[in-house]
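Observations on the model geometry
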Amino acid sequence: EDQVTQSPEALRLQEGESSSLNCSYTVSGLRGLFWYRQDPGKGPEFLFTLYSAGEEKEKERLKATLTKKESFLHITAPKPEDSATYLCAVQDNGEWLHTGNQFYFGTGTSLTVIP
Amino acid sequence: NAGVTQTPKFRILKIGQSMTLQCTQDMNHNYMYWYRQDPGMGLKLIYYSVGAGITDKGEVPNGYNVSRSTTEDFPLRLELAAPSQTSVYFCASSYTMNTEAFFGQGTRLTVV
């Protein structure tokens, strides 16, 4: 069965203090890895998709990278408005063919940026 | 641009009652999904649909039913509500099986 593990569970940063969130995964064949942001009381909001090891994507203060076993979400000089829970999800090619299940989600990292 | 719309936002049910969670999307997406999110757990897939008239079970389908009569709508039916169904429910849609999912705002359901 697929495993998606995110760490740390919670992270408190001072405004401007850069850091990274981790998503490690085990799948039989990676179809895609997705990062989402979720604000309290809201649905997840799409950030990035990564498909192959070595791929990187950037958006404002966020940069996502992918290796064969994990993905990192780097946050550079964060601001209070970056406070949210960040979710990682993977698509497993083998599971899709077998069960049609699309996404396996991690439990998320709750980020708090203090002014 | 509405995206994925869920109703209601909040609901309290008594044990044994039934209800339907509504979901509609205006992006003409073929793929639609229902997830539940429990504290400390990742989102779990309940049911999904790859197009009108086609539905299938996800990881945690017991106690739920779905239908997909149109591309836009994908209602989730709870029969004989149980306390274990207390959760936040999210509907989502995607254009293809390889693209990102767009989520609704969620329905917080409490069964007492």
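An account of the accompanying structure is given in this report. Residue indices follow the written sequence of each chain, beginning from 1 at its first position. Chain A is the first chain written and ligand 1 is the first ligand written, with later ones labelled in order. This being a predicted model, a pLDDT of at least 70 is required before a residue's local features are given, and a value of 80 or more before pairs of side-chain atoms are given or counted; all residues contribute to the totals for chains, interfaces and linings. To get the side-chain values, all heavy atoms of the structure are used, and hydrogens and water are removed first.

Focus on the overall build of chain B
- Across its full length, chain B carries 0 helices and 11 strands.
- Starting at the N terminus and walking to the C terminus, you meet the elements of chain B as β-β-β-β-β-β-β-β-β-β-β.
- Using C-alpha atoms as the atom set, the radius of gyration is obtained and then compared with a globule rule of 2.2 Å times the number of residues to the power 0.38. For chain B, whose C-alpha radius of gyration is 13 Å, the value lies close to the compact-globule estimate of 13 Å for 112 residues.
- Taken along the three principal axes of its C-alpha coordinates, chain B extends 35 × 25 × 25 Å.
- Note on exposure labels: buried denotes an accessible area under 20% of the residue type's maximum, exposed denotes more than 50%, and partly exposed covers the range between, all computed with a 1.4 Å probe on protein chains only. Burial analysis of chain B (112 residues in total) assigns 46% to the buried set.
- In this analysis, two residues are considered to be in contact whenever any of their non-hydrogen atoms come within 4.5 Å of each other. Long-range pairs, those at least 24 residues apart, make up 54% of the contacts in chain B between residues at least 6 apart in sequence.
- Calculation of accessible area relied on Shrake-Rupley with a 1.4 Å probe; when residues are assessed, cover is drawn exclusively from the protein chains displayed. On chain B, roughly 5,300 Å² of surface is accessible, and the fraction owed to carbon and sulfur atoms is 53%. Each helix is a run of DSSP H or I of at least 4 residues and each strand a run of E of at least 2, with the numbering of both proceeding from the N terminus.

Things to note about the pairing of strand 11 (residues 107–111) of chain B
Residue and element names in this part refer to chain B.
- The alternating pattern of strand 11 places Thr107, Leu109 and Val111 on a buried face, while none of Arg108 and Thr110, on the opposite face, is buried.
- Strand pairing follows a simple DSSP-based rule, namely that at least 2 bridges must link the two strands. With 4 bridges connecting them, strand 2 (residues 10–13) and strand 11 associate as parallel partners. Each residue of the ladder has a partner; that of Leu13, found in strand 11, is Val111.
- By the bridge criterion, 3 bridges tie strand 9 (residues 87–94) to strand 11 in an arrangement that is antiparallel. Its bridge partner being in strand 11, Tyr89 is matched across the sheet by Thr107.

Some thoughts on the packing of aromatic side chains
- Stacked, edge-to-face and tilted are the three classes for Phe, Tyr and Trp ring pairs, Trp counted by its six-membered ring, which pair at centre distances within 6.5 Å; planes under 30 degrees apart are stacked, over 60 edge-to-face, the rest tilted. One pass over the full model with this rule turns up 9 aromatic pairs over all chains.
- Taking 6.0 Å as the distance between ring centres and 70° as the angle between the ring planes, the aromatic pair formed by Tyr36(A) and Phe46(A) counts as edge-to-face. A residue pair is termed long-range when its members are at least 10 positions apart, and Tyr36(A) in strand 4 (residues 30–38) and Phe46(A) in strand 5 (residues 45–50) qualify at 10 residues.
- A ring pair is formed by Tyr35(B) and Phe103(B), whose centres lie 5.9 Å apart and whose planes are at 40°; its orientation type is tilted. In this pair, Tyr35(B) sits in strand 4 (residues 31–37) while Phe103(B) sits in strand 10 (residues 102–103), placing the two residues 68 residues apart along the sequence. When sorted by exposure, Tyr35(B) lands in the same class as Phe103(B), which is buried.
- By way of ring pairs, the aromatic residues Tyr36(A), Phe46(A), Phe105(A), Tyr33(B), Tyr35(B), Phe90(B) and Phe103(B) are connected into one cluster.
- In this analysis the charged atom, NZ for Lys or CZ for Arg, is taken to sit over a ring once it is within 6 Å of the ring centre and within 35 degrees of the ring normal. Of note, Arg68(B) hangs over the ring of Phe74(B), and the distance from its end group to the ring centre comes to 6.0 Å.

A short note on the sheet that holds strand 1 (residues 4–7) of chain B
Residues and elements named next belong to chain B.
- Taken in spatial order, the 4 strands line up as 1-3-8-7 in an open sheet, and their pairing is antiparallel. Each edge of the open sheet carries a strand with a single partner, namely strand 1 and strand 7 (64–66). If you compare each strand with its neighbour and ignore which way they point, the axes differ by 20° on average.
- Here strand 3 (residues 19–25) pairs with strand 8 (residues 76–78) via 3 bridges, running antiparallel. Structural elements are reduced to axes, namely lines fitted to C-alpha atoms, with helices fitted over the stretch in contact, and the angle between N-to-C directions of any two is expressed from 0 to 180 degrees.

By themselves these figures say nothing about function.
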